[in-house]
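# Coordinate analysis (summary)
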Amino acid sequence: MNISNNSVVTFHYTLTNNDGTVLDSSEGREPFAYLQGGSMIVPGLESQMEGKAKGDKFTAVVAPAEGYGDFNKDLLQKVPLDRFGDQKVEAGMQFQAGEHSVVTVKEVTDSEVLVDGNHPLAGVTLNFAVEVIDVREATEEELSHGHVHGEGEHHH
Ligand code: ZN
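Calculation rules
Residues numbered from 1 in each chain as written. Predicted model: local features only at pLDDT ≥ 70, side-chain atom pairs only at ≥ 80, totals over all residues. Heavy atoms only, no water. Helix = DSSP H or I, 4+ residues; strand = E, 2+ residues; numbered from the N terminus. Rg over C-alpha atoms; globule rule 2.2 N^0.38 Å. Buried < 20%, exposed > 50% of the residue type's maximum accessible area, 1.4 Å probe, protein only. Contact = heavy atoms within 4.5 Å. Areas by Shrake-Rupley, 256 points an atom, 1.4 Å probe, with all protein chains shown as cover. Phe/Tyr/Trp six-rings, centres within 6.5 Å; stacked < 30°, edge-to-face > 60°. Lys NZ or Arg CZ within 6 Å of the ring centre and 35° of its normal. Salt bridge = Lys/Arg side-chain N within 4 Å of Asp/Glu carboxyl O.

What follows deals with the overall build of the chain. Per the secondary structure count, the chain includes two helices and nine strands. Written out in order from the N terminus, the α and β elements of the chain read β-β-β-α-β-β-β-β-β-β-α. For the chain, the C-alpha radius of gyration of 19 Å lies well beyond 15 Å, the compact-globule estimate for 156 residues. In terms of principal-axis extent, the alpha carbons of the chain reach across some 60 × 40 × 30 Å. By residue count, 32% of the 156 residues in the chain fall in the buried class. Contacts in the chain between residues at least 24 apart in sequence constitute 62% of all its contacts with a sequence separation of at least 6. When the accessible surface of the chain is split by element, carbon and sulfur atoms take 47% of a total near 9700 Å².

Okay, here's the thing in structure tokens:
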């Protein structure tokens, strides 16, 4: 069957940026499973999955706006260093800021910390090399839960 709304899709992927640097990959792991139409993967990848079938291999190029968003420089913020207390702060560290957002430390000076509230992949064109491993219809239980169940998995 071909991927359409409410398909359960299992796929392997390797994600690279435009320089060819690997950002993420399912290689060596279980393939990723998701529910088509459930907004569980970035919109630009979900739309390019539509109509594909088991065994298909393709590359989906996803612009930032359809991926993790455009880079927003308003989300760069300088925070006084003393706000971090005794914690050691270094570039590259990530902190929880509020319930759903994570900020990344860009730069640390004697008195200030430059933090970036953009998603680490904001502004990045995503190149997904995809191999579709399996496509099946979602069960009614999966549809009512809004997520995919593993083989033999039972819960309420
Ligand atoms: Zn469930």
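The next subject is the packing of aromatic side chains. Within a pair of aromatic rings, the relevant descriptors are the distance that separates the centres and the angle that separates the planes. As enumerated under the stated definition, the model contains five aromatic pairs in all. Above the face of the Phe58 ring, Lys52 is positioned so that its terminal group lies 4.3 Å from the ring centre.

Okay, the environment of Pro43 next. The topology assignment puts Pro43 in helix α1 (residues 43-49). Look at Pro43 and you get partly exposed, because its relative accessible area is 44%. In this structure the C-alpha to C-alpha distance between Pro43 and Ala65, which are 22 residues apart in sequence, comes to 9.1 Å. Those residues in contact with Pro43 that lie beyond four places of it in its chain are Glu66 and Gly67.

A word on unusual backbone geometry. Of note in this structure, Asn6 is not a glycine but carries a positive phi near 75°. Position of Asn6 relative to the elements: it lies in the segment before β1 (7-16). Phi is positive for Ser39, which is not a glycine, with a value near 55°. Relative to the helices and strands, Ser39 resides in the loop between β3 (32-35) and α1.

It is possible for side chains bearing opposite charge to pair when their charged atoms get close. Applying the stated criterion across every chain yields a total of four salt bridges. Salt-bridge contacts for Lys88 lead to Glu90; the nearest nitrogen and oxygen are separated by 3.6 Å. By relative accessible area, which is 42% here, Glu90 ends up partly exposed. Of the charged contacts in the structure, one is a salt bridge between Lys106 and Asp116, with a shortest N-O distance of 3.9 Å. Here Lys106 is found in strand β7 (residues 101-108), whereas its partner Asp116 is found in strand β8 (residues 112-116), with 10 residues between them in sequence.

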